[in-house]
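Now for the letters of each chain:
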Amino acid sequence: MIRRKLEENFFRILMALATILVAGSFFLIVGTIFYKGIPSMSWDMISKVPGGGFYIGKEGGVLNAIIGSLYVAGGATGLGLLISIPVAIYMNMYLGGKNIIANGLRIAFDVLFGIPSIVYGAFGFFIMVYFGIRASLLGGILAVTLLVIPILVRTLDEVIQTVPKELRDASLSLGATRWEMAKVVLRQIRPGIFTAILLSFGRAIGDVASVLFTAGFSDNIPTSLHQPAATLPLAIFFQLGSPVAEVQGRAYASALILTIIVLIITILSSVLSKRLSKNIK
Amino acid sequence: MTNNPHISIQHLNVFAGDQRILKDISINIPNKKVISIIGPSGCGKTTLLKCFNRLLDDTPDIKVTGKVLVDGENIYDPKAEVTHIRKKMGLLSQRPYPLPMSIYDNVAYGPRIHGTRKKVDLDKIVETQLKATGLWNEVKDRLNAPATRLSIGQQQRLCLARGLAVEPEIILGDESTSALDPVSTSIIEDLFIKLKEQYTIVLVTHILRQARRVSDYIIFVYMGKIIEFGPTEELLLNPQEELTKEYVKGFIS
Amino acid sequence: MTITKIKLYNYCNAYNHYNQIMSFRLLKDKAYSKLMLVFTSLSVSIVLFIGIGLYCKSLPVLHKSSWGSLLTSSEWKPLKGLFGFFPFIMGTLWVTAISILIALPLCLLTSFYITEYAPNRIRKILVPFVNLLSGIPPVIFGVWGVLFIIPLIQDHIAPHFVEFSTGYSVLAGGIVLAVMIFPLIVSIVCEVLNTIPGELKDASLALGATKWETIRKVSVRKATPGIVAAVVLAISRAFGETIAVLMVCGNNPVVPHSIFDPGYPLPALIANNYGEMMSIPLYDSALMFAALLLFIIILLFNIISRLILARVERKLAV
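This section reports on the structure supplied with the text.

Reading the values: the criteria
- Residues numbered from 1 in each chain as written.
- Chains lettered and ligands numbered in written order.
- Predicted model: local features only at pLDDT ≥ 70, side-chain atom pairs only at ≥ 80, totals over all residues.
- Core = buried A, V, L, I, M, F, W, Y, C linked by C-beta atoms within 7 Å.
- Buried ≥ 20, exposed ≤ 12 C-beta atoms within 10 Å, placed from the backbone.
- Helix = DSSP H or I, 4+ residues; strand = E, 2+ residues; numbered from the N terminus.
- Contact = placed C-beta atoms within 7 Å.
- Nonpolar A, V, L, I, M, F, W, Y, C, P; charged D, E, K, R; others polar.
- Axes fitted to C-alpha atoms, helices over the stretch in contact; angles between N-to-C directions.
- Parallel < 35°, antiparallel > 145°, perpendicular 65-115°, else oblique.
- Left-handed = near helix turned anticlockwise from the far one by under 90°.

**A short note on the nonpolar core**
Judged by nonpolar contacts, the single largest core of 191 residues is most densely connected at Val143, Val189, Ala290 and Ala291 of chain C. A per-element tally of this core places helix H7 (residues 170-194) of chain C first, with 19 residues. Those residues within four positions of alanine 290 of chain C in sequence are excluded, and the remaining contacts are Phe85, Phe88, Leu266, Leu269 and Ile270 of chain C. Counting 73 residues, the second largest nonpolar core, distinct from the first, contains Val70, Val126, Val139 and Ile170 of chain B.

**Regarding unusual backbone geometry**
All names here are of chain B. Phi at aspartate 24 is positive, roughly 45 degrees, even though this residue is not glycine. Positive phi, close to 45 degrees, is recorded for glutamate 175, a residue that is not glycine. Tracing the chain through its elements places glutamate 175 in the loop between strand E7 (170-174) and helix H7 (182-195). Owing to 20 C-beta atoms within 10 Å, glutamate 175 belongs among the buried residues under this scheme.

**Some thoughts on the interface of chain A and chain C**
Counting residues at the interface gives 68 residues for chain A and 72 residues for chain C. Here the side of chain A that touches chain C gets 20 residues from one element, more than from any other, and that element is helix H1 (residues 2-37) of chain A. Classifying every residue of the side of chain A that touches chain C gives 48 nonpolar, 12 polar and 8 charged.

**Considerations on the packing of helix H6 (residues 138-157) of chain C against H7 of chain C**
Residue and element names in this part refer to chain C. Interaxial distance between H6 and H7 falls to 10 Å at its minimum, and their mutual angle equals 130 degrees. By the angle between their axes, H6 is oblique relative to H7. In this structure, H6 meets H7 at a crossing whose hand is right-handed. Contacts between H6 and H7 involve Phe141, Gly145, Ile149, Ile150 and Ile153 on the former and, on the latter, Leu171, Ala172, Ile175, Val176, Val179 and Met180. For the contact of H6 with H7, the class distribution of residues is 10 nonpolar, 1 polar and no charged.

**Brief notes about the interface of chain B and chain C**
With 22 residues of chain B in contact, the opposing surface of chain C contributes 17 residues. Looking at the side of chain B that touches chain C, the element that brings in the most residues is helix H2 (residues 82-87) of chain B, giving 4 residues. Residues belonging to the side of chain B that touches chain C are distributed by class as follows: 12 nonpolar, 7 polar and 3 charged.

Next up, the structure:
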């Protein structure tokens, strides 16, 4: 009896400790980034592009990378939406949502979601070489689009499934075609689409391996799709590799910028999806 | 009958959030009898049953006040050992929930937890309890098969055997036959009648005929209150309260 | 024309008009349907395109050496045209194994705590943090690894076991990866645990089992397929993770022999050498082969785990 009670208490404590460690690792990471990033943070960092000698510690900022990242993530999310909204609608409205083909497609997109970004990057690079596109904003956007399509499709798919079947039936029984019904459903899930956009944007802005080959790097803000573009994660990676202490400090500051952007996006999306689930209830 | 109560409930209240779902329940449950709790659905009869072995402990937002004395010991005493209390009572739920293991391991689960390790002892317990529930001849050749392969009726009897294996004093049945076919139902009912020689049995049911067939006493619960408590025939044929009369006649359901 | 005829004519006209609108709407519906079908099939067949594309690009190196020698040779001399992937495969395996060994017990305990023990109030606080963790980009994990884990290993862990370590090691990679896969495992295992019927746990509790005994003997058993799926998915995630591991792993193309040795996982190899790959013959093909290898392994693992999860879900739906 006592032994069993001890065992119960021992594991209860162990579980609580594990939970503290797992949930606490978030604070550890964000804390470390803030602690190291804040001393090197300055207005210049987010308002200037790298000046001459930036990489040996002279002045400038990472505006080029911030803007580049926003371009890449925004472009990829936009392009991804254009593709994935029809796909999600097709799965749910035209294939009926819950049959073998639709479920097979779901598994396929889940599998696509699992493919690492480095493979998308390598594949994107292969395509670019094939078509003679050089490392550029366009290349980056294309590779990242591949990366975010599965996220967008599955999120939209789940949102569409929350639309009550009665609503769809009501619209169909009024004589609407499936496409007209899809438009009704799309209006219904607008907040869900925002959640999907945020999720995709968050993933896109933080990814390195897919843009490494495809977007290139540049100290200037790109003015056309065919120019190479810097991205924030890549900027962090390059600066961290520098032996100069100031440049390393800037890497931490850049990491801080990226962390803040991503945290805002994540929190926003979870607030949105909470509101969405309340609406449906 | 109040001379020797097995379970004595005193001023029991159950709150779910701000709602009171059981209101000042006080009752004495006699030893080695079958007692049925009847009442319309949602009246709190299952909640009352779950109070008996503190299964509400882990339900969020539920608060229990009052006393439940089992053999004179208050089980809601903060110092009371909950696993010890639960061991005293076997629970038979609405649908059979065999544990995800073999038939043998299902019955041996309880004894193993409570410290029986020897194979010989376990074998004996398994055989005794499977015989007690009339399952032995049906399963003795496939004791190592997963319990989920049995029919629903067999699974329910297995769950009963599993409960009996920890040598309880009380059996709690929560509409235990509602998922079963008529044949399995009557087997289980006969088992209850047979088992009351050794156990106090408390059943929740919404089937009046069943309450009449198996029980010695009936408790009628309505809107979280005990309306009437009495010997089966008396309560069913000559109810004292207006509400009981209406329920027995089928006006309230 | 008589009045009736005019009426009839009008009717017909209206009917025709109605028909025209109707057929136009149906046509539109059909057109959109076809278009969406094309989109859907295209996006799903990305898997196929990637497989074929990478395979085609790896053909040159495959012509020169066999699969067997590429996978088992330790000679990595791109300038001489020798491509032995064994050290990289071992690097990947070491890092992945370490990360799973760290993450799995912690995540199981955490999931049990969240689903069975934590009061509602605490659960509501905990779950968002797991979500936030999953949103942090890999490169941030890498920076954290460099700033926190590397010094920790170098100054506090390694000195107890080996004479000298820079901290850049497969252990560092494993720890960083473990933290990265926390949210993945916790969310899947919690989901699976939540689907176990309460009555089943009640049955065990009613027999006098403690909560921990119920978890260990009933919940874990019931959740095993889901846990397996989560682990397989986590492995495939760990396999493919690039930048965070690359930053802390040391990147030395030698088979590691202890957790304090540096390693060089496959994704890091690809990412680190993209610059030179066009200048050395066969190098690009060899790197594409590495990508193909990753792709095949991860594809298989993903399919397996997704099928298990789909089955778990279906079973519960019945």
